[in-house]
Number of protein chains: 2
Amino acid sequence: MTRLDYDEISARLRLLAHPERLRILDAVRRDSECVCHLEALLDKPQPYVSQQLRLLRDAGIIADEKQGQNVFYRLSDAEVRDWLDVMLGPVVGEHPDMSLHKRLIPCPCPKCNDDTPLAVSERLLQRS
Amino acid sequence: MTRLDYDEISARLRLLAHPERLRILDAVRRDSECVCHLEALLDKPQPYVSQQLRLLRDAGIIADEKQGQNVFYRLSDAEVRDWLDVMLGPVVGEHPDMSLHKRLIPCPCPKCNDDTPLAVSERLLQRS
DNA sequence: AAGATATATGCTAATTTATGCATGTTTCTG
DNA sequence: CAGAAACATGCATAAATTAGCATATATCTT
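Residues numbered from 1 in each chain as written. Chains lettered and ligands numbered in written order. Predicted model: local features only at pLDDT ≥ 70, side-chain atom pairs only at ≥ 80, totals over all residues. Heavy atoms only, no water.

Draft legend 1. Highlighting the pattern of salt bridges. All names here are of chain A. Under the defined criterion, the tally for this structure stands at 14 salt bridges over all chains. Measuring nitrogen to oxygen at the nearest pair gives 2.6 Å for the salt bridge that ties Arg12 to Asp77. One end of the pair, Arg12, is in helix α1 (residues 6-16); the other, Asp77, is in the loop between β3 (70-75) and α5 (78-88), with 65 residues separating them in the sequence. Relative accessible area serves as the criterion here: at 19%, Arg12 is assigned to the buried category. Accessibility expressed as a relative area gives 12% for Asp77, which makes it buried. (Salt bridge = Lys/Arg side-chain N within 4 Å of Asp/Glu carboxyl O. Helix = DSSP H or I, 4+ residues; strand = E, 2+ residues; numbered from the N terminus. Buried < 20%, exposed > 50% of the residue type's maximum accessible area, 1.4 Å probe, protein only.)

Take a look at the structure:
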C-alpha cells in the first residue's frame, strides 16, 4: 500500500480548482483543441488562455502538439481524466459549446476546415 | 442534461486542494473523529485545525455533532465522498495513523474510552 | 462558583494565486 | 524579406488564501 502524499495530490488539485482551467480541461478531455478554439470558448484574451494552458502543461496534465501555425492541446494525464470523469461526469458526446464555436468562428486551423470549401464560406456568410 | 457549473465545482474543489484539509477529510470519511484526534493527526495548533474544520463545515462538506465536551466531525457530502474515493483511493480499513493516535494520546473522549478502564490506565502508563 | 478542558472565533501579516498587458517568437504568405 | 497570424512569455499589480495568535465560549468537575 503506497502512502498518500497529500501535498502532491493537493498541488495537482489546486490546478483543477479554477473555473477557467476546469472549462479548458472539460474541452480537451474529449478531443484535442487548438488555442484559438479555447480562446473562443473562454471568451478571454489570448495571453490569458495561454497562461492557463502553461500551468496545466508544466504540470504534465495536458500536452501540446504543434501543427503548422496552430498548437493543439489534449489531456495527457490518465489520473486526472479519472478525476474529471467523477467531478464533471463522464464524457458522453461532443462538447456542447465546442461544436457551436466550430460553426461560428472562422478559424483557419485544419480542425475547422476538414469539410468542403463551400461549407466554410457558407458559414462565414451566416455570421452577419 | 444539467449544465455544468464550473464556478461552483471549482469553489468546492478549492476547499479540497489543501494538504491539511485533505488529510482531515481522509480521516473523517472513514469514521467521525473529534477535534482532539485531528489535532494530533495534523500536529498543528488547535485553532488552526478548528479553522480548517470551519471552512469545510460552512461548505457543508463535513458535519459536526457535539457530544459533551467534544465535537465530532464526519464527512457529510456524498459527492465529495465519491471524489475522495477516486483521488485518495477507496477506504479500505482503519485509518493507518488514527489507530496509532488512539493509542498514544490520552484523550478523554468516548471514542478513546469505549474499552475497559484497565486498558485506559495501562495505555497511560506506557507513555512514559 | 471557580477552574479546567475542548473547541470556536476574530483579526492580522505573510504568502500565494490571479489577472492584465506589453512584447517576444515562430510560422506562414505574398 | 516584410507583414500577418497564432501563440508564448515576462512582469507588475490586484485579489485571495494561508497561517499564526489572542481571546471567547461552552461544558464539565470539584
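Draft legend 2. Looking closely at the protein's contact with DNA strand D. Around DNA strand D there are 23 residues in total, and A:Gln46, A:Ser50, A:Tyr73, B:His18 and B:Tyr48 lie nearest to it. Put simply, 61% of the atoms of DNA strand D that lie within 4 Å of the protein are in sugar or phosphate. Note that a phosphate oxygen of DNA strand D is positioned 3.1 Å from one of the side-chain N or O atoms of B:Arg14. Here a phosphate oxygen of DNA strand D and a side-chain polar atom of B:Arg21 are 3.2 Å apart. Of the residues assigned to the surface near DNA strand D, the class counts are 9 nonpolar, 9 polar and 5 charged. (Near = heavy atom within 4 Å. Polar contact = N/O pair within 3.5 Å; in protein donor to acceptor, adjacent residues only side chain to side chain. Nonpolar A, V, L, I, M, F, W, Y, C, P; charged D, E, K, R; others polar.)

Draft legend 3. Representation of the protein's contact with DNA strand C. Taken together, 23 residues sit near DNA strand C, with A:His18, A:Tyr48, B:Gln46, B:Ser50 and B:Tyr73 positioned nearest. Of all atoms in DNA strand C that approach within 4 Å of the protein, 61% are sugar or phosphate atoms. Between DNA strand C and A:Arg14, the relevant distance is 3.1 Å, taken from a phosphate oxygen to a side-chain nitrogen or oxygen of the residue. Note that a phosphate oxygen of DNA strand C is positioned 2.7 Å from one of the side-chain N or O atoms of A:Tyr48.

Draft legend 4. Examining the relation of the copies chain B and chain A more closely. Between chain B and chain A, the superposition needs a rotation of 180° and an axial shift of 0.0 Å, giving an RMSD of 0.0 Å. Both chain copies can therefore be described as sitting about a two-fold axis. No C-alpha of chain B lies nearer the rotation axis than that of B:Arg14, which sits 3.2 Å from it. When the interface residues of chain B are mapped onto chain A, 100% of them are again interface residues, pointing to one common binding face. (Least-squares fit on C-alpha atoms with pLDDT ≥ 70 in both. Contact = heavy atoms within 4.5 Å.)

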